[in-house]
Every structure is written in C-alpha cells, then in structure tokens.
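Architecture at a glance
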Amino acid sequence: MLREVIEKELSFKAVRSSGAGGQNVNKVSSKVVLSWDCINSQGVSDEERTLLLERLKNRFNKEGVLILDADNTRSQIKNKEIVIDRFFQLLAIGLHIEKERRETKTPRRVIQKRKENKQQNSLKKALRKRVL
C-alpha cells in the first residue's frame, strides 16, 4: 500500500452538517465527506484490493467506492484530518493478516500434576467410605 498515492486519489466534499450548533450549522459547510475508488486505485495491489473488498464489503457501495464522513468539530480542516485518519485506520484493519496459531503440546509436568491431583482426590473420597 502506497500512502502517498492513495492520498492523491482521495476526493473530498464539504457539506452542511446536521445536529446541534445553531446558526453555524445552517451557514457553514463543516462536514467533510471522503470518497475513495478502490477498484481503480493505483495505490493498492490486486491481492490487497480483493482483501479489502472482501473484508470491508459492508463499507463499499456497488461501484467499489468507500465513503466516510466526519462532522465531529465545527472546523472543516479538523474534520478533514479526522476522516483521513479514520480512513487509514480502516485500511489497516482491512489489510491486517493475523498469524496462524500453532497448537502447542501440553507439557509433561502439567500432565503429571493433573494425574497426581486426580489420585489425591480419589484417595480422599475413598477414605470417606464406610468400612464393613
């Protein structure tokens, strides 16, 4: 993944934010909408593209475009930074490959200790019985 190439492919749109804020919300376009076309992107390889489209399929629309928005603050610049950070975090999550877990053998000492505990419990319960 080439971050610089991907950053150039991002397109932004500023729209009016909803919610509380009074007259500021009605006048200023502080909400930032980010869109990124994954299918036509030059910043990701084919393997990464298929991985992203598979893992984040509920985030992409039918054309393979990822759309994120941010209206956390009243500042358009801060909202743009927030949405870019969120975008790259989402890409990192989508591209993260977990290591396969190797099963480990149970240590001999652990098996031995379990058997000793079983024998002790068996003896304890055997001593509770009534002798005829």
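Residues numbered from 1 in each chain as written. Predicted model: local features only at pLDDT ≥ 70, side-chain atom pairs only at ≥ 80, totals over all residues. Heavy atoms only, no water.

By the naming in an unreviewed UniProt entry, the chain goes by Peptide chain release factor 1 and is assigned to Myroides marinus.

Within the structure shown, the criterion is met by three salt bridges. Across the salt bridge formed by aspartate 69 and lysine 31, the nearest N and O atoms sit 3.3 Å from each other. Placement of the pair is aspartate 69 in strand S3 (residues 65–70) and lysine 31 in strand S2 (residues 31–37), with a sequence separation of 38 residues. Overall, the relative accessible area of 35% leaves aspartate 69 in the partly exposed class. A relative accessible area of 18% places lysine 31 in the buried class. When the shortest N-O distance is used, the salt bridge between arginine 49 and aspartate 46 registers 2.8 Å. A residue pair is termed a helical-turn pair when its members lie 3 or 4 positions apart in one helix, as arginine 49 and aspartate 46 do in helix H3 (residues 46–55) at three residues. (Salt bridge = Lys/Arg side-chain N within 4 Å of Asp/Glu carboxyl O. Helix = DSSP H or I, 4+ residues; strand = E, 2+ residues; numbered from the N terminus. Buried < 20%, exposed > 50% of the residue type's maximum accessible area, 1.4 Å probe, protein only.)

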